[in-house]
Amino acid sequence: MSTPLLKVTDLHASVGGKEILRGVNLTVRAGEVHAIMGPNGSGKSTLANVLAGREDFSVTSGSVSYNGRDLLALSPEQRACAGVFLAFQYPVEIPGVTTAYFLKAALNAQRKARGEEELDAMEFLDRVKAKVALVQLPETLLNRPVNQGFSGGEKKRNEVFQMAVLEPTLAVLDETDSGLDIDALRVVASGVNSLRSPQRGFVVITHYQRLLEYIVPDKVHILMNGQIVKSGGKELALELERRGYTWVEEELAPRSSKASA
Amino acid sequence: MTPQANDLEVLQQDYKYGFVTDIVSDTFPPGLNEEVVRAISAKKGEPPWLTQWRVRAYHSWTKMAPPTWSSVHHPPIDFQAISYYSAPKPKKKLDSLDQVDPEVRATFEKLGIPLEEQKALSGVAVDAVFDSVSVATTYKKKLGDLGIIFCSFSEAVREHPELVRAYLGSVVPHSDNFYAALNSAVFSDGSFVYVPKGVRCPMELSTYFRINASNTGQFERTLIIADEGAYVSYLEGCTAPMRDENQLHAAVVELVALANGQIKYSTVQNWYPGDKNGKGGIFNFVTKRGKCAGDHAKISWTQVETGSAITWKYPSVILQGDHSVGEFYSVAVTNNYQQADTGTKMIHLGRNTRSTIISKGISAGHGQNSYRGLVRILPRATGARNFSQCDSLLMGDLCGAHTFPYLEVKSPTAQVEHEATTSKIGEDQLFYLRQRGIATEDAVNLIVNGFCKTVFKELPMEFAVEAQKLLAVSLEGAVG
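Residues numbered from 1 in each chain as written. Chains lettered and ligands numbered in written order. Predicted model: local features only at pLDDT ≥ 70, side-chain atom pairs only at ≥ 80, totals over all residues. Heavy atoms only, no water.

### Description of the overall build of chain B
Item 1. Within chain B, the regular secondary structure consists of twelve helices and 19 strands.
Item 2. When burial is assessed residue by residue, chain B has 59% of its 480 residues classed as buried.
Item 3. The long-range share in chain B, meaning contacts at least 24 apart out of those at least 6 apart in sequence, stands at 85%.
Item 4. If you sum the accessible surface of chain B, you get close to 19400 Å²; carbon and sulfur atoms cover 52% of it. (Helix = DSSP H or I, 4+ residues; strand = E, 2+ residues; numbered from the N terminus. Buried < 20%, exposed > 50% of the residue type's maximum accessible area, 1.4 Å probe, protein only. Contact = heavy atoms within 4.5 Å. Areas by Shrake-Rupley, 256 points an atom, 1.4 Å probe, with all protein chains shown as cover.)

Here you go:
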């Protein structure tokens, strides 16, 4: 079988001298959706940020290959241009910069990096208008400053909208479901589902099983204390929902105490 | 005759349209006293009233000391070491652009300045008559048909002495402040605009057309009058980097708007800021003030200040007429070791007068940026309103931003609002943009342009585009 889209091997990362990821292993193939679940502080967001190249996090050991390339050697913008997209847990406001202007700059930067023709304003608008509808946001969003004055739900939908426009190869969704009501959750999920394709892989980070009712994953991983401690199919999420994280902890406890003994 | 000398002559012929005074070869020895002031006036063939005015200004100046209240720091200036009259000399002509400082050329490229203009700006002999000179000539004819006067200050003194006499010093008196008094005594030349009653000036008037003619001089004087119901938009400056051997520049700009008259004055200032270590660079100590002399008059100042080692300027508006409006929109950038102390004064005298102040300060490197503003509302100014917003953006840890808003409200019916914010260019914002594929430098520009948007939208279109590019060049390498 071909090279996996993403292969994370024994990844260790720390922030401010504190180790958060303690040997993560994860393989995502094109076309697959992987859900990563875990309690607060388990390292889910750290993993997402390390994949996107945030410089506050330092990788102390391990490797990440993306389509066979060393992802960790690339700057955040190079990763983006190579097709890695992060839907932020807390999307950032950029005052005075319209969403349209920002997204056109981003899309053209990526197209340029790939040796494609840059889009002019008209081509760009044609392209984005259909995508706005996909996440049920009004077109006026395009003329508003990036995320400024947006509700929590609008910000999350805006992330999915951007993903739809930029058409990444690997999309990492960092708790895109948090703070969404059930209607917004459905919108976000259907946006993501419409982007599922045999060429594209997803890493969906979430607290709750609820999202996975709408975005049905191929694999579910449980991240605890900076390691993936259990992997399974979509039924693992259901079991987790029913029995809680303590079940996983208890199940692991004897093994890890043996290991440390 | 060499072709080059011939070209020079062609250029000089065009000067007769009034942008530059006659070229004389002499320069006064350094030093300033009453004799020097009288000699300057005599050189320029000025009428006695103007000579008297200069002399009075000189005597006021001798009783004054340089201001020390601002936040800028520089070694004391020896005013007796400056030569106060130097006939404008054409800059040394170069044979080709290859002889121009490569750094300057690189900046031209980044600003997208057309080749012919690059040559003219850097003093390279051009083959044809420089485009903008002929353009300016065409414009002058069109303006003349409408009764609009747009000429050099010296020409105005000769051709329209009654207008100059009526308005000179009516907004900035010769004894106003140290640098204004100095300017009044020794000013070299400048621009004069008069727009007659009810005339709307059909184009932006720009000193840009004059920049190739000669150096603008250390002590420039500008006087703009919009008569009743008249409108004029005036652009000052140029985005191309301007170097000058004179370190001190003390200009005075006076604007007068009569009833229902409107003046929009836009500046893009990009004087040489000194090198990365803070050596050299222009000291720009300018007095700019407008007076809404009649009811419903309006004066707007918009400035983008990226150059000079030190900028000290407070474009102000005296709101004398009832219902008159004053506006100040400013972007000031300081990078490396630049210092800027800038802001405005809005003096509300008339009833229901309104003023708006939007100030955006950007500091990078070791740059120090101060906003200093005064809103004064006098008892007669019932129903006066002011809105002020002062935002500072910091890039890095070594720069500084300071805000000094002064409010003096003596009318109980006045409404005054002041908002101020200071933010650091956020790592979060940068990462967000980079994660979408935008390179660090472009991400910084995007954030900065967003920050300045409320000011840029006040600039005439092409000027706004140039200002954005200029900001990008000024802040190059400030982050990352």
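Having seen the model, we can carry on.
### Description of the pairing of strand 11 (residues 310–313) of chain B
Consecutive side chains along a regular strand alternate between the two faces of the sheet.
All names here are of chain B.
Item 1. Here strand 11 shows two buried faces, one formed by Ile-310 and Trp-312 and the other by Thr-311 and Lys-313.
Item 2. Where strand 9 (residues 283–292) lies against strand 11, four bridges are found, and the strand directions are parallel. Considered in strand 11, the bridge of Asn-284 is made with Thr-311.
Item 3. In this sheet, strand 14 (residues 339–348) lies alongside strand 11 in parallel orientation, the contact comprising four bridges. (Pairing = 2+ DSSP bridges.)

### So, the sheet that holds strand 2 (residues 18–28) of chain A
All names here are of chain A.
Item 1. What the four strands build is an open sheet, ordered 2-1-4-5; its pairing is antiparallel. Strand pairing shows two members of the sheet lacking a second neighbour, strand 2 and strand 5 (69–70), which therefore form its edges.
Item 2. Here eight bridges tie strand 1 (residues 6–15) to strand 4 (residues 57–66), and the two strands are oriented antiparallel to one another. For Val-15, the partnering residue across the bridge sits in strand 4 and is Phe-57.

### Things to note about a negative patch on the surface
Item 1. Taken together, the side chains of A:Glu117, A:Glu118, A:Asp120, A:Glu123 and A:Asp126 make up a negatively charged region of the molecular surface.
Item 2. Residue A:Asp120 is classed as partly exposed on the basis of its relative accessible area of 41%. (Patch = residues over 30% accessible without salt bridge, like charges linked within 9 Å, V, L, I, M, F, W, Y side chains within 5 Å. Salt bridge = Lys/Arg side-chain N within 4 Å of Asp/Glu carboxyl O. Lys, Arg positive; Asp, Glu negative; His and termini not counted. Charge placed at Lys NZ, Arg CZ, Asp CG, Glu CD.)

### Points about the nonpolar core
Residues and elements named next belong to chain B.
Item 1. Counting residues in each nonpolar core, the largest one holds 102 residues, and the members touching the most others are Ile-362 and Val-448.
Item 2. Ranked by residue count, the leading element in this core is helix 11 (residues 440–456), at nine residues.
Item 3. In contact with Ile-362, other than residues within four places in its own chain, are Val-331, Ala-332, Val-333, Thr-334, Asn-369, Leu-393, Met-395, Val-448, Phe-451, Cys-452, Leu-471 and Leu-475. (Core = buried A, V, L, I, M, F, W, Y, C linked by side-chain atoms within 4.5 Å.)

### Comments concerning the interface of chain B and chain A
Item 1. Contacts between chain B and chain A engage 17 residues on the former and 33 residues on the latter.
Item 2. Here chain B meets chain A over a buried area of about 2100 Å², counting both sides, of which 61% is carbon and sulfur.
Item 3. Three residues, B:Phe431, B:Tyr432 and B:Arg436, lead the burial of chain B against chain A; their summed loss comes to 37% of the area buried on that side.
Item 4. Joining chain B to chain A, the criterion identifies four salt bridges.
Item 5. For the salt bridge of A:Glu77 with B:Arg434, the shortest nitrogen-to-oxygen distance reads 2.6 Å.
Item 6. One can count 14 residue pairs in polar contact (both at pLDDT 80 or more) joining chain B with chain A.
Item 7. Secondary structure elements with two or more residues in the side of chain B that touches chain A: helix 10 (427–435) and helix 11 of chain B.
Item 8. Of the residues contributing to the side of chain B that touches chain A, the split by class is eight nonpolar, five polar and four charged. (Buried area = accessible area lost by both parts, 1.4 Å probe. Polar contact = N/O pair within 3.5 Å; in protein donor to acceptor, adjacent residues only side chain to side chain. Nonpolar A, V, L, I, M, F, W, Y, C, P; charged D, E, K, R; others polar.)

### What to know about the sheet that holds strand 11 (residues 219–224) of chain A
Residues and elements named next belong to chain A.
Item 1. A sheet is described by the order of its strands in space; here six strands give the open sequence 6-9-10-3-11-12, paired in mixed fashion. The open sheet has two edge strands with one neighbour each: strand 6 (84–87) and strand 12 (227–232). With direction set aside, neighbouring strand axes in the sheet form an average angle of 20°.
Item 2. Here helix 1 (residues 44–52) sits on the sheet in contact with strand 3 (33–37), strand 6, strand 9 (170–174), strand 10 (201–206) and strand 11, set at roughly 145° to strand 9. (Axes fitted to C-alpha atoms, helices over the stretch in contact; angles between N-to-C directions.)

### A word on helix 10 of chain B
All names here are of chain B.
Item 1. Taking burial as the measure, the nine residues of helix 10 include seven buried ones, the bulk of the element.
Item 2. Among the residues making up helix 10, those that are buried are Gln-429, Leu-430, Phe-431, Tyr-432, Leu-433, Arg-434 and Gln-435.
Item 3. Positive backbone phi, approximately 110°, marks Gly-437, located one or two places after helix 10.

### So, the packing of aromatic side chains
All names here are of chain B.
Item 1. Overall, the coordinates contain 19 aromatic pairs over all chains when judged by the stated rule.
Item 2. Between Phe-150 and Tyr-234, the ring centres sit 6.3 Å apart and the planes meet at 90°, which makes this aromatic pair edge-to-face. Taken together, the residues span a long stretch of sequence, with Phe-150 in strand 1 (residues 149–152) and Tyr-234 in strand 5 (residues 231–237) at a distance of 84 residues.
Item 3. Take Phe-150: its relative accessible area is 7%, and that puts it in the buried class.
Item 4. Considering the side-chain rings of Trp-312 and Tyr-314, the 5.5 Å spacing of their centres and the 85° angle between planes classify their relative orientation as edge-to-face. (Phe/Tyr/Trp six-rings, centres within 6.5 Å; stacked < 30°, edge-to-face > 60°.)

### Some words on unusual backbone geometry
Across residues other than glycine, the phi torsion is negative in most instances, and most of the peptide bonds are trans.
Item 1. The phi dihedral of A:Gln136 falls on the positive side, at around 55°, and the residue is not glycine.
Item 2. Locating A:Gln136 in the fold gives a position in the loop between helix 4 (121–134) and strand 8 (145–146).
Item 3. Although it is not a glycine, B:Asn352 adopts a positive phi angle of roughly 50°.
Item 4. Tracing the sequence through the fold places B:Asn352 in the loop between strand 14 and strand 15 (354–363).
Item 5. For B:Asn352, a relative accessible area of 35% corresponds to the partly exposed category.

### Re the pattern of salt bridges
Pairs can form between side chains of opposite charge whenever their charged atoms are close.
Item 1. If you walk through the whole model with that rule in mind, you get 29 salt bridges over all chains.
Item 2. For A:Arg127, the salt bridge goes to A:Glu167, with nearest N and O atoms at 3.2 Å. Here A:Arg127, found in helix 4, pairs with A:Glu167, found in the loop between helix 5 (152–166) and strand 9; they are 40 residues apart in sequence, far enough to count as distant.
Item 3. B:Glu458 is the salt-bridge partner of B:Lys457, the closest N and O atoms lying 3.5 Å from each other.
Item 4. Beyond isolated ion pairs, a larger network of salt bridges with shared partners links A:Arg54, A:Asp56 and B:Asp428.

### With respect to the side chain of A:Thr206
Residue and element names in this part refer to chain A.
Item 1. With respect to the helices and strands, Thr-206 occurs in strand 10.
Item 2. Under the relative-accessibility criterion, Thr-206 is labelled buried at 0%.
Item 3. Within the structure, Thr-206 has its side chain in polar contact with the side chain of Asp-177 (distance 2.6 Å).
Item 4. Sequence-distant contacts of Thr-206, defined by excluding residues within four places in its chain, comprise Ile-36, Met-37, Gly-38, Lys-44, Asp-177, Leu-211 and Leu-212.

### Comments concerning the packing of helix 3 (residues 48–62) of chain B against helix 9 (residues 178–186) of chain B
Residues and elements named next belong to chain B.
Item 1. In the contact formed by helix 3 and helix 9, the axes pass within 7 Å of each other and the chain directions differ by 145°. The two elements helix 3 and helix 9 meet at a crossing, and its hand is left-handed. From helix 3, Trp-53, Arg-54, Ala-57, Tyr-58 and Trp-61 reach across to helix 9, where they touch Phe-178, Ala-181, Leu-182, Ser-184, Ala-185 and Val-186.
Item 2. Among the residues making up the contact of helix 3 with helix 9, the classes are represented as nine nonpolar, one polar and one charged. (Left-handed = near helix turned anticlockwise from the far one by under 90°.)

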